[in-house]
Amino acid sequence: MAAIIAQPHFTFGLRSGVTNNLFFIDEQTVIFPCGNNCVCYNTVQRSQRFIPGTEKSRSMDALAISANRRYLAVSERGEKATVTVYDLQHEQGRKRKVLSTGNLPAQEFVCMAFSPDSKYLIGQAGGPDWTLIFWLWEKQKILATVKTSSSTNPVSQVSFNPHNNLQICVSGAGVFKLFRYSEGTLKQSSFAKVETIDFLCHAWMSEERAIAGTSTGRLLVFESGDLRKEINTGAVPVLQQSDRELQRRKLMDSDVDQDPVDPVVPRITAILSYSRGFACSVGLGTVCLFEKTEEDAYRKTKEILIPPDPCSNELSHAEGQEIATMCLSPSEELLAVTTERGQVYSVSLTSAEMSKGEQVPFEFLSQTFHSKAVTGLSVCIRKPLIATSSLDRSVHIWNYHTKMLELYKEFLEEAFSIALHPSGLVVLVGFSDKLRLMNLLIDDIHTFKEFTVRGCRECAFSHGGHMFAAVNGNVIHIYSVTTFENLLNLKGHNGKVQAIQWSPDDSRLVSCGTDGAVYEWNTHTGKREAESVIKSCSYTGVAFSSDSRSSIAVGTDFTLKEIQDCQVMRELPPDDVAHTAVAVSRSGRVVFTGTSSGSIRVIKYPLPIQRDWIQYQAHCGSVTKMAITFDEQFLLTASEDGCLFLWKIIDKEGRGLKGNKHIVYTEEILATKSDLEEKKQNMLELKMRVDELQMEKEYQLRLKDINFSEKIKELSEKFIQQIESLRSSKQVMSTEMEKCEREHQERSAEVTDKHSRELQDLESSYSQKLIVEHERYQDLQQQCVSMQEDHSKQLKALEKGKSCALEELKQSYEARLQEKTQLLAQFQDESRQRTFEFEETIKQMNEDGDQELHSIRIQYERKLRAEQEANMKLKGETGIMTQKLFSLQRQIDDRCTDINKLKQERQKLHGLVRSLENDIEDLKRQISGHEKTNQDKDKTISSLKKMNQELEKLKFVLDFKLNDLKKQIEPQQEDINKKEEKIQQMEAELMEFHKSNTQLKLSVSELKLRLTAREKELHKEMEKVKDLETHLRRFKTELHTCVSFIQEPKKLKDSVKKLYARYVQYTDVMEQVSEDADSQRALCRQQEHQEKTIATLKIKLAKASEEHESSYVSIMKENVSLVTEVNALRKELQLVRSQLKKISRSHRKSQEVPKKEPTRGNSA
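What you see is a predicted model; the values in this text were computed from it and never measured. (Residues numbered from 1 in each chain as written. Predicted model: local features only at pLDDT ≥ 70, side-chain atom pairs only at ≥ 80, totals over all residues. Heavy atoms only, no water.)

Engineer: Explain the overall build of the protein to me, please; I cannot follow it from the model alone.
Structural biologist: Assigned secondary structure in the protein consists of 6 helices and 57 strands. The C-alpha radius of gyration computed for the protein amounts to 52 Å, which surpasses the reference 32 Å derived for 1164 residues by more than 25%, pointing to a less compact arrangement than a globule. Seen through its principal axes, the protein has C-alpha atoms that stretch 155 × 130 × 60 Å. For the protein, the residues scored as buried account for 37% of the 1164 residues in total. Considering only contacts in the protein between residues 6 or more positions apart, those separated by 24 or more positions represent 49%. (Helix = DSSP H or I, 4+ residues; strand = E, 2+ residues; numbered from the N terminus. Rg over C-alpha atoms; globule rule 2.2 N^0.38 Å. Buried < 20%, exposed > 50% of the residue type's maximum accessible area, 1.4 Å probe, protein only. Contact = heavy atoms within 4.5 Å.)

Engineer: Got a minute to help me understand the pairing of strand β22 (residues 271-274) in this structure?
Structural biologist: Moving residue by residue along a regular strand, the side chains alternate between the two faces of the sheet. Relative to strand β23 (residues 277-281), β22 runs antiparallel, the two being bridged by 4 bridges. Bridging from a neighbouring strand, Y274 pairs with G277 of β23. Counted between consecutive antiparallel strands, the loop separating β22 from β23 contains 2 residues. (Pairing = 2+ DSSP bridges.)

Engineer: Looking at this structure, how should I read the sheet that holds strand β21 (residues 226-231)?
Structural biologist: Think of a sheet as strands paired side by side through backbone hydrogen bonds, with each pair either parallel or antiparallel. A sheet is described by the order of its strands in space; here 4 strands give the open sequence β18-β19-β20-β21, paired in antiparallel fashion. Only two strands of the sheet have a single partner each, and these edge strands are β18 (199-204) and β21. For this sheet the average axis-to-axis angle between neighbouring strands, irrespective of direction, equals 30°. Sheet analysis places strand β19 (residues 209-214) next to strand β20 (residues 219-223), joined by 5 bridges and oriented antiparallel. Bridge pairing links A212 to L220 in β20. (Axes fitted to C-alpha atoms, helices over the stretch in contact; angles between N-to-C directions.)

Engineer: What is the right way to read the packing of aromatic side chains from this model?
Structural biologist: For any two aromatic rings, the description comes down to two numbers: the centre-to-centre distance and the angle of the planes. Following the criterion strictly, the structure yields 28 aromatic pairs and no others. Both rings, one in F278 and one in Y298, keep their centres 5.3 Å apart while their planes meet at 70°; by these two values the pair is edge-to-face. With F278 in strand β23 and Y298 in strand β25 (residues 298-305), the pair connects residues that are 20 residues apart, well separated along the chain. You can call F278 buried: its relative accessible area is 0%. Members of the aromatic cluster, each reached through a chain of ring pairs, are F448, F451, F461, F468, Y479 and F484. The aromatic ring of F416 is capped on one face by R457, whose charged end is 3.8 Å from the ring centroid. (Phe/Tyr/Trp six-rings, centres within 6.5 Å; stacked < 30°, edge-to-face > 60°. Lys NZ or Arg CZ within 6 Å of the ring centre and 35° of its normal.)

Engineer: Where do I start with a negative patch on the surface in this structure?
Structural biologist: There is a patch of like negative charges on the surface, built from E743, E746, E750 and D753. The topology assignment puts E743 in helix α3 (residues 673-844). For E743, a relative accessible area of 43% corresponds to the partly exposed category. (Patch = residues over 30% accessible without salt bridge, like charges linked within 9 Å, V, L, I, M, F, W, Y side chains within 5 Å. Areas by Shrake-Rupley, 256 points an atom, 1.4 Å probe, with all protein chains shown as cover. Salt bridge = Lys/Arg side-chain N within 4 Å of Asp/Glu carboxyl O. Lys, Arg positive; Asp, Glu negative; His and termini not counted. Charge placed at Lys NZ, Arg CZ, Asp CG, Glu CD.)

Engineer: Would you take a moment to explain the side chain of K625 for this structure?
Structural biologist: Inspection of the secondary structure assignment puts K625 in strand β55 (residues 623-628). In this structure K625 comes out as buried when scored by relative accessible area, which is 17%.

Engineer: Mind showing me how you'd approach the nonpolar core here?
Structural biologist: Across soluble globular proteins, you tend to see nonpolar side chains buried next to one another. Formed by 52 residues in total, the largest nonpolar core has its most connected members in F32, I386, F592, M626, L635 and W647. Broken down by element, this core gets its largest block of residues, 6 residues, from strand β57 (residues 644-651). Those residues in contact with F592 that sit more than four places away from it in its chain are A6, A581, V582, A583, R601, V602, M626, I628, L635 and I649. Of all hydrophobic cores here, the second largest spans 20 residues; its members include V110, L143, A144 and F179. (Core = buried A, V, L, I, M, F, W, Y, C linked by side-chain atoms within 4.5 Å.)

Engineer: Got a minute to help me understand the pattern of salt bridges in this structure?
Structural biologist: Under the counting rule described, the total for this entry stands at 21 salt bridges. Residue D61 is joined to R77 by a salt bridge in which the shortest nitrogen-to-oxygen separation is 3.2 Å. Taken together, the residues span a long stretch of sequence, with D61 in strand β6 (residues 59-65) and R77 in strand β7 (residues 71-77) at a distance of 16 residues. Of the residues examined, D61 reaches a relative accessible area of 8% and is grouped as buried. A salt bridge links R267 to E322; the shortest N-O distance between them is 2.9 Å. With R267 in the loop between α1 (241-254) and β22 and E322 in the loop between β25 and β26 (323-328), this pair connects stretches of sequence that are 55 residues apart. Sharing partners across several salt bridges, the network here consists of D433, K434, R436 and E450.

Engineer: Just checking my understanding: could you explain the sheet that holds strand β45 (residues 517-522) for this structure?
Structural biologist: Pairing within the open sheet is antiparallel, and its 4 strands lie in the order β43-β44-β45-β46. Each edge of the open sheet carries a strand with a single partner, namely β43 (497-502) and β46 (528-533). The mean inter-strand angle of the sheet, taken between neighbouring strand axes irrespective of direction, is 15°. Here strand β44 (residues 508-513) pairs with β45 via 5 bridges, running antiparallel. The residue bridging S511 from the neighbouring strand is Y519, located in β45.

Engineer: Help me understand unusual backbone geometry in this model?
Structural biologist: As a rule of thumb, non-glycine residues mostly have phi less than zero, and peptide bonds are mostly trans rather than cis. Following G127, the chain continues into P128 via a peptide bond in cis, with omega recorded as 5°. For P128, the location among the structural elements is in the loop between β11 (120-125) and β12 (131-136). Residue P606 is reached from Y605 by a cis peptide bond, and omega for that bond is 5°. In this fold, P606 is placed in the loop between β53 (600-604) and β54 (613-616). Despite not being glycine, D506 shows a phi value in the positive range, around 60°. Along the polypeptide, D506 turns up in the loop between β43 and β44. One non-glycine residue, C566, lies in positive phi territory at about 65°.

Engineer: I keep staring at the side chain of T637 and nothing clicks. Help me out?
Structural biologist: By secondary structure assignment, the location of T637 is in strand β56 (residues 634-639). On the accessibility criterion, T637 (0% relative accessible area) is buried. One polar contact links T637 to H619, side chain to side chain, over a distance of 3.0 Å. (Polar contact = N/O pair within 3.5 Å; in protein donor to acceptor, adjacent residues only side chain to side chain.)

Engineer: Just to check I follow, could you spell out a nonpolar patch on the surface for this structure?
Structural biologist: Taken together, Y699, L703 and I706 make up a surface patch of nonpolar side chains, about 300 Å² in accessible area. Mapped onto the elements, Y699 comes out in helix α3. In this structure Y699 comes out as exposed when scored by relative accessible area, which is 52%.

Engineer: Explain the environment of T556 to me, please; I cannot follow it from the model alone.
Structural biologist: Position of T556 relative to the elements: it lies in the loop between β48 (551-555) and β49 (560-564). Of the residues examined, T556 reaches a relative accessible area of 42% and is grouped as partly exposed. Once the C-alpha coordinates of T556 and L14 are considered, the two residues, 542 residues apart in sequence, prove to be 28 Å apart. When near neighbours in sequence (up to four residues on either side) are disregarded, T556 contacts S536, C537 and S538. Polar side-chain contacts of T556 include one of 3.1 Å to the backbone nitrogen of S538.

Engineer: Just to check I follow, could you spell out the pairing of β23 for this structure?
Structural biologist: With 5 of its 5 residues buried, β23 lies for the most part within the structure. Between the end of β23 and the start of strand β24 (residues 286-292), which pair antiparallel, lie 4 residues, with G283 showing a positive phi angle near 80°.

Engineer: Would you explain the confidence of the model for the protein in this entry?
Structural biologist: Atom-level detail of predicted coordinates should not be read off regions where pLDDT is low. Residues at a pLDDT of 70 or more form 91% of the protein, whose mean pLDDT is 83. Across residues 235-263, confidence stays below pLDDT 50; counting only partners more than four residues off in sequence or on other chains, it has 51 contacts. Of the regions scoring below 50 in pLDDT, residues 1157-1164 engages in 4 contacts with residues more than four places distant in sequence or in other chains. (pLDDT = per-residue confidence, 0-100.)

Engineer: Can you help me understand the state of the cysteines in this one?
Structural biologist: Between two cysteines, a covalent bond joining their sulfur atoms is known as a disulfide. Inspection of every chain in the model, using the stated rule, returns 0 disulfides. Here C288 is not cross-linked by a disulfide; its sulfur's nearest cysteine counterpart is in C280, at 5.4 Å. Take C288: its relative accessible area is 0%, and that puts it in the buried class. There is no disulfide at C380, and the cysteine sulfur nearest it, in C459, is 14 Å away. (Disulfide = S-S within 2.5 Å.)

Structure follows, in structure tokens:
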């Protein structure tokens, strides 16, 4: 048999108290919180998609949607506040990331916001810290945190600048701050003095401008965080706020649960910016539209009001509602708002702008919802209707097939209970003063009978519809529906009756109460047929099983009980959450329960022994009522949060229950005679009006035909006159065209003659110019020949200069080679000395140091190889220089070939001559530069001589430091030896500590094992005691029944025999079972003790091996540290030696410089 599941199908309600509780996903879909779920509602298809909250969350606090309308962030309250980000493009709202507060002790988030590019998310934690957290949410990384306010100034809203991902605005009571994220922190960028202003909301209008609303009805404009001006909100007085505030005051006096609000000042609770301006809520039930003007100001253009409720008998709550959230569709055509009482309204902005002179009221986006706890829930058989009553003084009739509200009415008093007649035409509602029987008319709920039952908390019609039961305190009254007579009064409960239910055949009625009693009553005689009393439990719900043999009850003892024949047959083990309501399917396969946390549980029937159920997140308050439709297609649940949920009952394969019956629903409705007569009169009046309008339209059409015929005649005459005038103008134009053609021909002949004369004159002038240019060309040829000869002479001179320069370069490179060979010889001598020194140190070191010295040798050999490679590179450089010489000679040959080419190209000679002249000038500049360099060199020689003297002084100082370092090394070695001895002592102490710790751990583990064994024995003994107590209770109850047969000896004898057969044998069996169990327990204890000793020995072995390894590793680490210290000292010695060598080399070079001076002077 496949398991039964409940799938969320539809919900009626909206959860108020959640920040930003309404958003548009697209043009047709909105998302809002309902219970402990987020609902995606398609307003056209009337379908819903559910995103359930997390299991351990206590409540939702705030919502936020990304700018691209893809991601939804939900903040939930728990032991620690969390934020869950969902992907709305996924069909079931796939959970993307869960963000935590890290080490911050935040229990709730007051509000949240996404950045414009949807990468970042900010969350404002609640008091007393008021910390703002800045997430890179896709990586679940907290980038920055900052404290935005003090404990006495709460924050109401946070938002991102829509033009800047890193700028944030925070507003609240005495708080209006701008923060900017930079260098890993949130830095405050504005310091406005607004300590006395209570900000409730704000919105960004541009990159620098933001508008904020206050609790005193002021609209303040901030630019770059500074207060600039205030916008007047009273430009168009549509409705005086004082009238609405008086209504609000009356409502506030009647509602005790509401918080006190200043009834005089209109509060601005929401602001929303859009392309043409912004919308804001001004006072109760009013939204004002402001548009931007050319002078960079804002003008109030329209007021949109929440209309009064037509179904209310007095001043309703509708007009006195305060708007909580506003949102716009993506195309900015539809404005939707939510109110503090959990209602959703919408208005088309296109219609608001079209009707400029008229007021445009809000309309319900779907239908009206309950704003307070639902107290009653009922269904009928002949119609797909649901009836609900609530503490908001309203009664709703819903249709679960069309998902629409059929009827709705508000009353003067709170409705405590409701029952729908099986026909679906009559409803029974319990009020504080009376119980009223009402007819469901086509557009109204009409009272036609009242009963003197005060404060009726429970009422129910029988399945046949001929009787109903009503609860008055601890008494159940049964009335006839046809005669309205009080048939029976069922008395027996000592406390208030919490729930009642009729059996399918209406012969019995089950009830439960706060006195811990569950009674089954005979509805014909009024007597109790069965009872079960547990005074420690206060029952909240009861229902008959599918076969009506037993009843299932829930109460405050966290258990689900099945009661049959005055005994608890089965009991579902308790958990931390109490069951508050119960419903049983007619097919007998499943039991549904509601809990105090708002979740729904699906439990198999017969009830399991262990905790085996499927749990769903539904409501955010305690479940008050549950019901199953007659065809078993839907489960209905209502809660203290004012929401009504429809759950589709299916198995895991998607099929409905086999017991589902196809029911034909009736479409009849009730209507009063006066209503029908009024409608007939209205029909006649409308028909008369239609006839009159037809006559008026015909007369108007005739008049229009006459007017149009006259206009056609006038237009035809005008067109004829225009045609004749155009013909005459055409003839005139043709004659003018002929004249123009003749004149053009004459002018063209004259122009051709002029052009022929001018051509002849030009030919003669250009021939003379050619002769002159030829003579100039010959002169230029002669000049070119002379220039070539000069150029060849200059080239020869340049070649001689280059040969001299090459010889000088060769001499300089040969001198460098000699220096490098000398350096190589020095390095070889130093390497020999170092090897000799290393051999002496190797003799002094231990066996552990031999390996390190080997590595040092390898390093120095590598250095030698590197120096040899450097020498090889220098040789290669010399070869490269020789190659460069050959390449220079080749370049000279190439230039010779270029000269030959230049001789052939006469046109490029002028440019070459100019370039050569520039080269000559450059050579002159170089000669002057050489002279300056010679002077500079003389100065450097004198400075080098001074440096020599300073270096000799440094050499003396360094020698003295070397001696000091050698003296310092000897005491350091003695310190190292002492430290090694101390380390050995510490290791010995560590070993002793480890041994003592292991012994203590073993003793602790043995004591824990003994404790666990004793606890198990105690638990088993307690179970035995409980079994015996239950056994005694049953024995007492059966003895009580035996005592009732005292006057009938035969029955008494039979009952005593049954008692003996049942309980005496049972005790013997229990004793045998207990003895066997004791022996098995002893064996189990011995086995467990042996296994635990083996495990402890294994742990000891593992710890000993770990300690040995750790000691070995510590010794190795100490050896390594000592070796590193020795290496550091050696490196210091090497550095000192290298510095001495550098000083000696610089000294030698300074001595060689004056020797080279005369040679350089000769070459210059």
